[in-house]
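One letter stands for each residue in the lines below.
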Amino acid sequence: MADSYGQNCNKCGFCLSVCPTYQAQGTEDASPRARIQLIDFFSDHKIGSSEKLKDIISKCLMCGSCANICPAGINHPERYVRMREKMIRDHGDRPEIKSLVYLLAKESRIRMAAGAARMAQKIVPHVFAEKYRLGSIALKQFPVFNKVPFRTAARKAMARKPGKKSKGVPALKYGRVAYFTGCATNYLFEDTGFAVLDILRHMGVEVIIPETQTCCGIPMLFHGGRENVKSNINTNLACLDAQGIDAVIVDCPTCGAALKNDYPALAEEFGLDQDAANRVAEKVVDISTFIMAHARPQDFPQNHETIRVTYHQPCHLRNHMPSPGSAQGLLNALQGVEYIPALDMDSCCGGGGTFFYEYPEVSRGIANKKVTNAKATGANLWVTDCPVCRINLGGYLDDSADLTVVHPARLAAQFLPDLKGRKG
Amino acid sequence: MIDPDAIDNLKKIVGKDRCFDSAEQLACYCYDAYFEEAMPDLVLFPCTRDEVSGILKICSIHKIPVTARGAGTSLCGASIPAKGGVVLCFSKMNRIVEINTKDRYAIVEPGVVNADLQKALAPFGFFYPPDPGSMAMSTIGGNVAQNAGGPRCLKYGVTVDYVLGMEVVLASGKVVRFGSRNVKDVTGYRLSSLFCGSEGTLGMVTSIILKVLPLPESVSTLLVTFDDLDNTAKAVADIIGAGILPVALELMDKTTIRTIEEKAHIGLPVDAEGTLLIEVDGVKEACEKEIKKITEKLEANGAVNIEVAKTEDERETLWHARRSVYGVFAKLSPSLYTEDIVVPAGKIPEMTRMIVDIADKYKLLVGVMAHAGDGNMHPMIPADKSNKEEWARVKKAFDEIMAAAASLNGTLSGEHGIGLAKTEYLPLVMDEDAIEFMGVIKKAVDPDGILNPGKFV
Ligand SMILES: Cc1cc2nc3c(=O)[nH]c(=O)nc-3n(C[C@H](O)[C@H](O)[C@H](O)COP(=O)(O)OP(=O)(O)OC[C@H]3O[C@@H](n4cnc5c(N)ncnc54)[C@H](O)[C@@H]3O)c2cc1C
Ligand code: SF4
Ligand code: SF4
């Protein structure tokens, strides 16, 4: 009998057609239905726990494309997460991954680690950076850590320049939003953060960046740290479930999916404040969707020159968020953007959280295909919402490629009248 | 038990990375889209014809069963290794070797996924007509071995109509080639046709020459509803009888429509007793003319509503509804038993009634869906295999459905094949001599019966 998390798989194979690991490896063990089969075999005691089993279950990008297409309504990620927990309990995890789970459980630890990493980036001699890799990505292609965490920098910036940012366009006065920055924007990609901030303030929206927010917890959940996630949920709900907040803006699809889908479910499981989780979930919206819903044409006047842009749709946006088409809508709406869709725009980049680090060979195969197709569009900007996709895809673009990966907000911010060309 | 030396030698041919032998990996090759399972002893992923040949030589010496596999989407259990042994999986042998639109052919390796071939042909303005519902994941090798069809096969024909030639490795390891790159070729027996529908029992297909066609200039799709199922089927017979050949003529009965609508909310007409999804293609003017003629026939048969898709999006929505049938029924229960009997198109109303009566008798829910133009019907019964009593009723219902189809001059399978699912029903539609003749052919090319043993021959 299958366990209670989903229905039986009838082995129709639809999931094979969308699974990036199956397509990269070409073997059934890398397919969603095989993972479901093995989980069922394991719970029926037809096979025992083993390193091999752990490897097969973990060699998955957790992109959720399988659940999205499955006619039997199987919730693959949920079943995989549970199985991963069991396997990690039985066979442990790599020390680096274990430390990640440890780090992400407390903001102070993340901050310290990011600081140390920035130091290391500064002192690693150039020759090493040229030669060494983090998983599948060359060290020198890795993004540079923010000088100070974005939330700190933003607080200072907002204090310096209160309220009005731009001339000419009257503020919309939409209301107040809370901005959930995610770890990536806070420690790696402040350009995204400043772009989001500039856009919202330009649109006349009052932005609050809750100080106590911390990692959404998904990376821990995917690596067997279910218990650790509890305190992250509590911390985030406490600062996001505030009076007078009209929307919770996210710039990262994984954080968005966590707040929108996982928190209510986990709150119920852990007996946390379910009402708060529901209230927050209701308000979560990604920045592109927010812009598309509330901006007016005059907010983003025409750029003087045309920018050629292509797009990569992150799996967590496509499979977990209500309006996955918003970033593309934005690209089409911005006057002066020539949007050229890539052949495999909506297929996984192979990044998958820590997947690129754990399974570099598979990841590289998937990413290289994406890069070839993106280059073929002749675009100069490669827009994508997810920071891990950005790290991963950016990791394969060497200096010779005339292509830069940016967040949609970063592109949109270039169109703001007074802020053109602002460096993050 | 397989001889350990033989295993070592088999492993040497493909190397460590292309050989699976752990319990965990083997468990991923004990199933296909049918509901039975059987464990292989070894799974090998050949990349070349010579590797296939080498593997078969060893297997024939040691009499090791060999079951070919593409994507494992067979609905009749054809790719389940019923007697264990080696699974020879072609998923890594997936190059499109040549596309030649001037001479209208493509050469592919067996592991090429049908949809990937379509994608590769589209920029040339060409397509490969056979379009099984599994085209996004099933392989051309599997399509050939099952002689797969799909909705547009009404107008265009099934796989066998597109195979010009192939390369096959026989059980002994010997490589034979037949057919050619020519769309016209009557040189000797049409051996490639023999291999279409052979379900991997005669040899391993390692290369296939396929006929391809230019994409039609335009396509139109209609959704038609009726308040009477007999009228629905009569309309089908009338359209075909008048010499009109749409690309697709798909019929869904009341239960099917309601079930889809309840689960998927696509806006289907839930009051209809029957619906038809009709598609025509060709030169624009010809399409319009055809639709006009079809509309006349539909109206004459009491169609309640005829809706023509105005945009590509609307067209896609209609097809989405049709394609979601399998999924919606799959959601209803843990196991979905689906069949694909065929009856002469004119017998569809009668057969539908028989199916519904049989299901009622055994207190089972049944949805009927048909590629009505060619009489190919898919009764779908959602049930729970772990509920022994219920499953026994399902089994009995299908016994009777098979017999009913045979009694109407129908046959057992229009596209899914025989495999493990229907071997026992063969005598309903084939006489002893014909079955024996298949055995003679099998013996000639696979004297020890190592290729896909435990199946229909
Ligand atoms: C949702 C769904 C919808 C479907 N819709 C249709 C449909 O519309 N029409 C239709 O016809 N079928 C349909 N099918 C059935 C199935 O997809 C087809 O039979 C398909 O052709 C099987 O291809 P495969 O690559 O999965 O082959 P497999 O299932 O792996 O193998 C099928 C058979 O082919 C043999 N084989 C595979 N490769 C080779 C080779 N290289 N040489 C020799 N033998 C080989 C195997 O031994 C086996 O007997 C559907 C199945 C599903 C799950
Ligand atoms: S799509 Fe769902 S039911 Fe079909 S094989 Fe995959 S997991 Fe199983
Ligand atoms: S989550 Fe993504 S990578 Fe993992 S099995 Fe599903 S489709 Fe494949």
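Calculation criteria
- Every chain begins its residue count from 1, and numbering advances along the sequence as written.
- Chain letters start at A and ligand numbers start at 1, both assigned in the order the entries are written.
- Per-residue local features of the predicted model are confined to residues with pLDDT of at least 70, and side-chain atom pairs are confined, for both listing and counting, to 80 or more; whole-chain, interface and lining totals are unaffected and use all residues.
- With hydrogens and water stripped out, all remaining heavy atoms of the structure feed into the side-chain values.
- UniProt positions are given in the numbering used here, feature names are shortened, and annotations may be inferred rather than shown by experiment.
- Residue ranges labeled as domains rest on an automatic or database domain assignment.
- We call two residues in contact whenever any of their non-hydrogen atoms come within 4.5 Å of each other.
- Defined in terms of a 1.4 Å probe, buried area is the accessible area two parts forfeit on being brought together, summed over both.
- Burial classes follow relative accessibility: with a 1.4 Å probe on protein chains only, a residue under 20% of its type's maximum area counts as buried, one over 50% as exposed, and anything between as partly exposed.
- Numbering of helices and strands runs from the N terminus, with a helix taken as a DSSP run of H or I at least four residues long and a strand as a DSSP run of E at least two residues long.
- Each pair of strands is called paired provided DSSP finds at least two bridges between the two strands.
- By convention in this text, a residue qualifies as near a molecule or strand provided that one of its non-hydrogen atoms is within 4 Å of it.
- Two N or O atoms form a polar contact when they lie within 3.5 Å of each other; inside protein one atom must be a possible hydrogen donor and the other a possible acceptor, and for residues adjacent in sequence the pair counts only when both atoms belong to side chains.
- Methods summary: accessible areas were calculated by the Shrake-Rupley approach with a probe of 1.4 Å, and residue burial reflects only the protein chains presented.
- Residues are sorted three ways: Asp, Glu, Lys and Arg are charged, Ala, Val, Leu, Ile, Met, Phe, Trp, Tyr, Cys and Pro are nonpolar, and all the rest, Gly among them, are polar.
- Only the six-membered ring of Trp is used, alongside the rings of Phe and Tyr, when aromatic pairs are assigned; centres must lie within 6.5 Å, and planes under 30 degrees apart are stacked while those over 60 apart are edge-to-face, with the rest tilted.
- In this scheme, Lys NZ or Arg CZ marks a charge over a ring once it lies within 6 Å of the ring centre and within 35 degrees of the ring normal.
- Each nonpolar core is a collection of buried residues, namely Ala, Val, Leu, Ile, Met, Phe, Trp, Tyr and Cys, held together in the definition by side-chain atoms within 4.5 Å.
- Per-residue confidence from the predictor is reported as pLDDT, which spans 0 to 100.
- The rule for a salt bridge is simple: a side-chain nitrogen of Lys or Arg has to be within 4 Å of a carboxyl oxygen of Asp or Glu.

- For chain B, the name recorded in an unreviewed UniProt entry is FAD-binding protein, with Desulfobacter hydrogenophilus as its organism.
- Annotation of chain B in UniProt includes, under Sequence similarities (unreviewed entry), the sentence "Belongs to the FAD-binding oxidoreductase/transferase type 4 family."
- Under Cofactor (unreviewed entry), UniProt gives the following word-for-word description of chain B: "FAD".

- Labelled according to an unreviewed UniProt entry, chain A appears under the name Glycolate oxidase iron-sulfur subunit, originating from Desulfobacter hydrogenophilus.

1. Quick word on the domain arrangement of chain B
All names here are of chain B.
Working step 1: According to the domain assignment, chain B consists of domain 1 (4-89), domain 2 (96-214), domain 3 (216-331) and domain 4 (334-440).
Working step 2: Relative placement of domain 1 and domain 2: their C-alpha centres are 22 Å apart.
Working step 3: With 16 residues of domain 1 at the interface, the matching set in domain 2 holds 17 residues.
Working step 4: At the boundary of domain 1 with domain 2, total buried surface from both sides reaches about 1200 Å², with 66% on carbon and sulfur atoms.

2. Details of the pairing of strand β17 (residues 367-371) of chain B
All names here are of chain B.
Working step 1: With five of five residues buried, β17 is to be regarded as a mostly interior element.
Working step 2: Of the pairings in the sheet, the one linking strand β13 (residues 248-253) to β17 comprises three bridges and is antiparallel in character. Looking at the pairing, M252 lines up with M369 of β17.
Working step 3: Hairpin connection from β17 to strand β18 (residues 376-383): four residues lie between these consecutive antiparallel strands, with G375 at a positive phi of about 70°.

3. Looking at the site of ligand 1
Working step 1: Near ligand 1, the surroundings consist of 35 residues, among which A68, G70, T73, S134 and T139 of chain B are the closest.
Working step 2: Neighbouring residues of ligand 1 are distributed over chains A and B.
Working step 3: Here G72 of chain B contributes a backbone N or O atom positioned 2.8 Å from an oxygen atom of ligand 1.
Working step 4: Note that a nitrogen atom of ligand 1 is positioned 2.9 Å from one of the backbone N or O atoms of V205 of chain B.
Working step 5: Here ligand 1 loses 97% of its free accessible area of 970 Å² to cover by the protein chains.
Working step 6: Counting only elements with at least two residues in the shell around ligand 1, the list comes to β3 (66-69), α5 (140-146) and β10 (204-211) of chain B.
Working step 7: Looking at the shell around ligand 1 element by element, the count peaks at five residues for α5 of chain B.
Working step 8: Across the shell around ligand 1, the residue classes tally to 14 nonpolar, 18 polar and three charged.
Working step 9: When residues of the shell around ligand 1 are assigned to domains, at least three map to each of domain 1 (4-89) and domain 2 (96-214) of chain B.

4. Quick look at unusual backbone geometry
All names here are of chain B.
Working step 1: One non-glycine residue, E199, lies in positive phi territory at about 55°.
Working step 2: A positive phi is found at K363, a non-glycine position, where the angle reads about 55°.
Working step 3: As for its position among the elements, K363 is in the loop between α12 (348-361) and β17.

5. Quick notes on the packing of aromatic side chains
Working step 1: Evaluation of the coordinates by the stated rule reveals 15 aromatic pairs over all chains.
Working step 2: Look at F20 of chain B and Y29 of chain B: their rings are 6.2 Å apart centre to centre, the planes differ by 70°, and that puts the pair in the edge-to-face class.
Working step 3: Take Y29 of chain B: its relative accessible area is 1%, and that puts it in the buried class.
Working step 4: For the pair Y337 of chain B and F398 of chain B, a centre-to-centre distance of 4.0 Å together with 15° between the ring planes defines the contact as stacked. Of this pair, Y337 of chain B sits in strand β16 (residues 335-338) while F398 of chain B sits in helix α13 (residues 388-407), and the two are 61 residues apart along the sequence. Each member of the pair, Y337 of chain B together with F398 of chain B, is buried.
Working step 5: Here a set of aromatic residues connected by ring pairs shows up, and it is made of Y34, F35, Y337, W391 and F398 of chain B.
Working step 6: Cation over ring: K230 of chain A sits above F270 of chain A, and NZ or CZ is 5.2 Å from the ring centre.
Working step 7: Across the ring face of Y31 of chain B, the terminal group of R69 of chain B is positioned such that the distance to the ring centre comes to 5.8 Å.

6. Looking at the nonpolar core
Working step 1: I199, L200, I249, F290 and L411 of chain A are the most contacted members of the largest nonpolar core, which totals 120 residues.
Working step 2: When residues of this core are assigned to their parent elements, the largest contribution, seven residues, is made by helix α14 (residues 253-270) of chain A.
Working step 3: The residues touching F290 of chain A, leaving out its near neighbours within four places in the chain, are Y174, V177, L200, M203, V205, A247, I249, V285 and A295 of chain A.
Working step 4: Within the second largest apolar cluster, 57 residues are counted, among which are F35, I278, I358 and A405 of chain B.

7. Let's talk about the site of ligand 3
Residue and element names in this part refer to chain A.
Working step 1: Neighbouring residues of ligand 3: C19, P20, T21, P32, R35, C60, L61, M62, C63, G64, C66 and Y80.
Working step 2: Breaking the shell around ligand 3 down by element, the ones donating at least two residues are α1 (20-25) and α2 (32-43).
Working step 3: The residue inventory of the shell around ligand 3, partitioned by class, reads nine nonpolar, two polar and one charged.

8. Considerations on the confidence of the model for chain B
Working step 1: Here chain B averages 93 in pLDDT, and 100% of its residues register 70 or above.
Working step 2: For this predicted complex, the interface score ipTM comes out at 0.93, while the overall pTM is 0.91.

9. Regarding the pattern of salt bridges
All names here are of chain A.
Working step 1: In the structure shown here, the tally under the stated rule is 42 salt bridges over all chains.
Working step 2: In this structure, E361 engages R364 in a salt bridge whose closest nitrogen and oxygen atoms are separated by 3.0 Å. Of this pair, E361 and R364 both sit in helix α20 (residues 360-376), separated by three residues, roughly a single helical turn.
Working step 3: With relative accessibility at 57%, the residue E361 sits in the exposed group.
Working step 4: Linked by salt bridges that have partners in common, E78, R82, E85, R226 and E269 make up one network.

10. Description of the domain arrangement of chain A
Residues and elements named next belong to chain A.
Working step 1: Here the domain parsing of chain A yields domain 1 (14-91), domain 2 (95-141), domain 3 (150-293) and domain 4 (297-419).
Working step 2: Here the C-alpha centroids of domain 1 and domain 4 sit 28 Å apart.
Working step 3: Taken together, the 14 residues of domain 1 in the interface contact 13 residues of domain 4.
Working step 4: Here domain 1 packs against domain 4, burying approximately 1000 Å² in sum over the two surfaces, 65% of which is carbon and sulfur.
Working step 5: The interface formed by domain 1 and domain 4 includes zero salt bridges.
Working step 6: Taken together, the links from domain 1 to domain 4 amount to six residue pairs in polar contact (both at pLDDT 80 or more).
Working step 7: Taken together, the elements giving at least two residues each to the side of domain 1 that touches domain 4 come down to α1, α3 (51-58) and α4 (65-69).
Working step 8: Among the elements that make up the side of domain 1 that touches domain 4, the one with the highest residue count is α1 (four residues).
Working step 9: Looking at the side of domain 1 that touches domain 4, its residues break down into six nonpolar, six polar and two charged.

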